[in-house]
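# Inside the fold
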Amino acid sequence: DHQILERLPDVAVHTYIDRVLLQPGTVLTGDNRFYSVFSPFKRRWLSIYEEHATGPFDVNGHGRESVKPSTWDPICNCPDSDLSLFSTTEASAHESLDEFIAQRLTDYEANRNNPSVLGTSRLSGALARGLLSPRQCARAAEIKLNRPIWEFPNHAFSWINELIWRDFYQHLLVGFPKLSKNKAFRPETESLRWRNDPSDIDAWKNGRTGIPIVDAGMRELVATGWMHNRVRMIVAQFLTKNLLCDWRIGEAHFMEYLVDSDLGSNNGGWQWSASTGTDAAPYFRVFNPVSQGETHDPNADYVTQFIPELASVPVKRRHAPWTATLPDQYPAPIVDLKSSRQRAIDAFKELKS
Ligand SMILES: Cc1cc2nc3c(=O)[nH]c(=O)nc-3n(C[C@H](O)[C@H](O)[C@H](O)COP(=O)(O)OP(=O)(O)OC[C@H]3O[C@@H](n4cnc5c(N)ncnc54)[C@H](O)[C@@H]3O)c2cc1C
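Rules behind the numbers
- Residues numbered from 1 in each chain as written.
- Predicted model: local features only at pLDDT ≥ 70, side-chain atom pairs only at ≥ 80, totals over all residues.
- Heavy atoms only, no water.
- Salt bridge = Lys/Arg side-chain N within 4 Å of Asp/Glu carboxyl O.
- Helix = DSSP H or I, 4+ residues; strand = E, 2+ residues; numbered from the N terminus.
- Buried < 20%, exposed > 50% of the residue type's maximum accessible area, 1.4 Å probe, protein only.
- 1 Å grid on protein atoms, 1.4 Å probe; cavity = no way out; pocket = protein on both sides within 12 Å on 5 of 7 lines; lining within 4 Å.
- Points joined across faces, edges and corners; volume = space filled by probe spheres on them.
- Nonpolar A, V, L, I, M, F, W, Y, C, P; charged D, E, K, R; others polar.
- Contact = heavy atoms within 4.5 Å.
- Near = heavy atom within 4 Å.
- Polar contact = N/O pair within 3.5 Å; in protein donor to acceptor, adjacent residues only side chain to side chain.
- Areas by Shrake-Rupley, 256 points an atom, 1.4 Å probe, with all protein chains shown as cover.
- Sits in = over half its atoms within 2 Å of the grid points.
- Expected span 1.5 Å × (residues − 1).
- Core = buried A, V, L, I, M, F, W, Y, C linked by side-chain atoms within 4.5 Å.
- Phe/Tyr/Trp six-rings, centres within 6.5 Å; stacked < 30°, edge-to-face > 60°.
- Lys NZ or Arg CZ within 6 Å of the ring centre and 35° of its normal.
- Domains from an automatic or database assignment.
- Patch = residues over 30% accessible without salt bridge, like charges linked within 9 Å, V, L, I, M, F, W, Y side chains within 5 Å.

### A word on the pattern of salt bridges
Overall, the coordinates contain 13 salt bridges when judged by the stated rule. Its salt-bridge partner being Arg-248, residue Glu-190 comes within 3.2 Å of it at the nearest N-O pair. Of this pair, Glu-190 sits in the loop between α7 (154-175) and α8 (198-205) while Arg-248 sits in helix α11 (residues 247-257); the two residues are 58 residues apart in sequence, bridging distant segments of the chain. Judged by relative accessible area, which is 16%, Arg-248 ranks as buried. The partner of Arg-232 in a salt bridge is Asp-260, with the nearest N and O atoms 2.8 Å apart. Of this pair, Arg-232 sits in helix α10 (residues 229-242) while Asp-260 sits in the loop between α11 and α12 (263-273), and the two are 28 residues apart along the sequence. Both residues of the pair, Arg-232 and Asp-260, count as buried. Residues joined in a network through salt bridges with shared partners are Glu-190, Asp-246 and Arg-248.

This is the structure:
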């Protein structure tokens, strides 16, 4: 960009920060280092945001009207997917934002973890592709609630919190360049003995592991180019812990299929789930995909939507169909959840810290 500007001295160019709320490098510790833990990052982030709220955050003037509508080309490798759920123009992205703020922001906190309801904004594709800026998102919420974000009630702040996570992951990419070079944040995890069994990886990618919430998520990804956040965490932990496969395999697969594929958030999400990242899930706290499914998809609506062959299994057993009569078309689990969990914990224990 700098070189182009130098070569075109007569062309007026205006630049705006709109990919993030706060530019990487602006949220630093007292001794000018990048944060590697989210909570102190967030505290500092909020104090900076509050300081500047009336200045650089005013998006009027380079907001909606002045930006020409544009469309995106299909960007994910899912030719048979139905991408109609996601905005492909700036105008429709703004309509979706308005609709979310008007109708779903109030219940966001209550619904955000249930993949069977439309509880989150589903704006990640528009944000990742630049049809929408996170500043426009924060501003729209501030206008609706008629107050700045630091005075938001919990239910609404919880949504802003996700935008701050997004900023955190963009900061990490700049502060720790090794993250964009295929390296783990925690170097000691590089020697972890991943199994990387090709048939396990294949079953995971194709939604044929025999664990319904995992298979539903992987099928949703291919069918729609998107996956619910709670389910992303579940499938990522299943791949890296129960199947003991390198997080980079999952990261690459997500990058290929997601409409919202984004190096910072994807790498952050994978390294968090695999316990190789900054501020990551502790390695011994392994999600149990059956209880995760029962808690967050209590009526099994989500798994039934993407795995219709489970419809014959009683709802109460649908997250663990092997405890009932397994339908012919659906596989038995490819791994024992209890022993594979222990195998992962043992593999992490072997690492020298
Ligand atoms: C393994 C894994 C991989 C992921 N890969 C991506 C990715 O490639 N691209 C991507 O945008 N998000 C990624 N996420 C984060 C999150 O799953 C999605 O941003 C979220 O599901 C998008 O849905 P939404 O727009 O309805 O989010 P909402 O809940 O409405 O949140 C609003 C916005 O905040 C941002 N956001 C929400 N959750 C997170 C989060 N945990 N981390 C960072 N930003 C967040 C997104 O831009 C989102 O659109 C990943 C998470 C995991 C666990």
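### Some thoughts on the layout of surface pockets
Which parts of space are left empty comes out when a probe the size of a water molecule is rolled across the atoms. Considered as a void within the structure, the largest pocket measures approximately 1,100 Å³ in volume. Lining of the largest pocket is provided by 37 residues; of these, Glu-162, Trp-165, Asn-229, Arg-232 and Ser-265 occupy positions nearest its centre. Listing elements by their share of the lining of the largest pocket, those giving two or more residues are α5 (124-129), α7, α10 and α12. Looking at the lining of the largest pocket, its residues break down into 16 nonpolar, 13 polar and 8 charged.

### Here we look at the side chain of Asn-161
As for its placement among the helices and strands, Asn-161 is situated in helix α7. Each residue touching Asn-161, except ones within four places of it in the same chain, is listed here: Phe-38 and Lys-42.

### Focus: the site of the ligand
By nearness alone, 27 residues border the ligand, and Tyr-108, Thr-120, Ser-121, Arg-122 and Asn-229 come closest of all. Between the ligand and Asn-266, the relevant distance is 3.0 Å, taken from a nitrogen atom to a side-chain nitrogen or oxygen of the residue. Surface burial for the ligand is 95%, taken as the share of its 820 Å² of free accessible area covered by protein chains. More than half of the atoms belonging to the ligand lie within 2 Å of the grid points that define the largest pocket. Secondary structure elements with two or more residues in the shell around the ligand: α5, α7, α10 and α12. No other element matches α7, which puts 5 residues into the shell around the ligand.

### Here's the deal with α10
The terminal C-alpha atoms of α10, which comprises 14 residues, lie 19 Å apart, in line with the 20 Å expected from a rise of 1.5 Å per residue. Where α10 terminates, the next one or two residues include Leu-244, which has phi positive at roughly 50°.

### Comments concerning the nonpolar core
Among the nonpolar cores identified, the biggest contains 45 residues, and Trp-204, Val-214, Met-227, Val-235, Phe-238, Phe-254 and Tyr-302 are the most heavily contacted of them. Residue assignment for this core shows that the elements contributing at least two residues are α8, α9 (212-224), α10, α11, α14 (301-306) and α15 (337-349). With 7 residues, the top contributor of residues to this core is α10. Excluding anything up to four places from it in sequence, Trp-204 contacts Thr-209, Val-214, Met-218, Val-235, Phe-238, Leu-239, Leu-243, Gly-250, His-253, Phe-254 and Trp-270.

### Observations regarding the packing of aromatic side chains
Considering all chains together, one arrives at 20 aromatic pairs under this definition. Each residue in the set Tyr-35, Phe-38, Phe-41, Trp-165, Phe-168 and Tyr-169 is aromatic and connected to the rest through ring pairs, giving one cluster. The ring of Phe-185 carries Lys-178 above its face, with NZ or CZ at 5.3 Å from the centroid.

### Regarding the domain arrangement of the chain
As assigned here, the chain comprises domain 1 (38-175) and domain 2 (187-348). With 28 residues of domain 1 at the interface, the matching set in domain 2 holds 29 residues. There are 0 salt bridges connecting domain 1 and domain 2. Taken together, the connections running from domain 1 to domain 2 amount to 7 residue pairs in polar contact (both at pLDDT 80 or more). Broken down by secondary-structure element, the contributors of at least two residues to the side of domain 1 that touches domain 2 are α2 (38-52), α5 and α7.

### A look at a nonpolar patch on the surface
A cluster of nonpolar side chains, namely Ile-4, Leu-5, Leu-8, Val-11 and Val-13, defines an oily patch on the protein surface of about 430 Å² accessible area. Residue placement: Val-13 occurs in the loop between α1 (2-7) and α2.

### Things to note about the environment of Asn-32
Tracing the backbone through its elements, the reader meets Asn-32 in the loop between α1 and α2. By relative accessible area, which is 59% here, Asn-32 ends up exposed.

### A word on the side chain of Asn-114
Position of Asn-114 among the secondary structure elements: in the loop between α4 (108-111) and α5. Within the local environment of Asn-114, its side chain forms a polar contact with the backbone nitrogen of Ser-116, the two atoms lying 2.8 Å apart. Setting aside residues up to four positions removed in sequence, Asn-114 forms contacts with His-228, His-296 and Pro-298.

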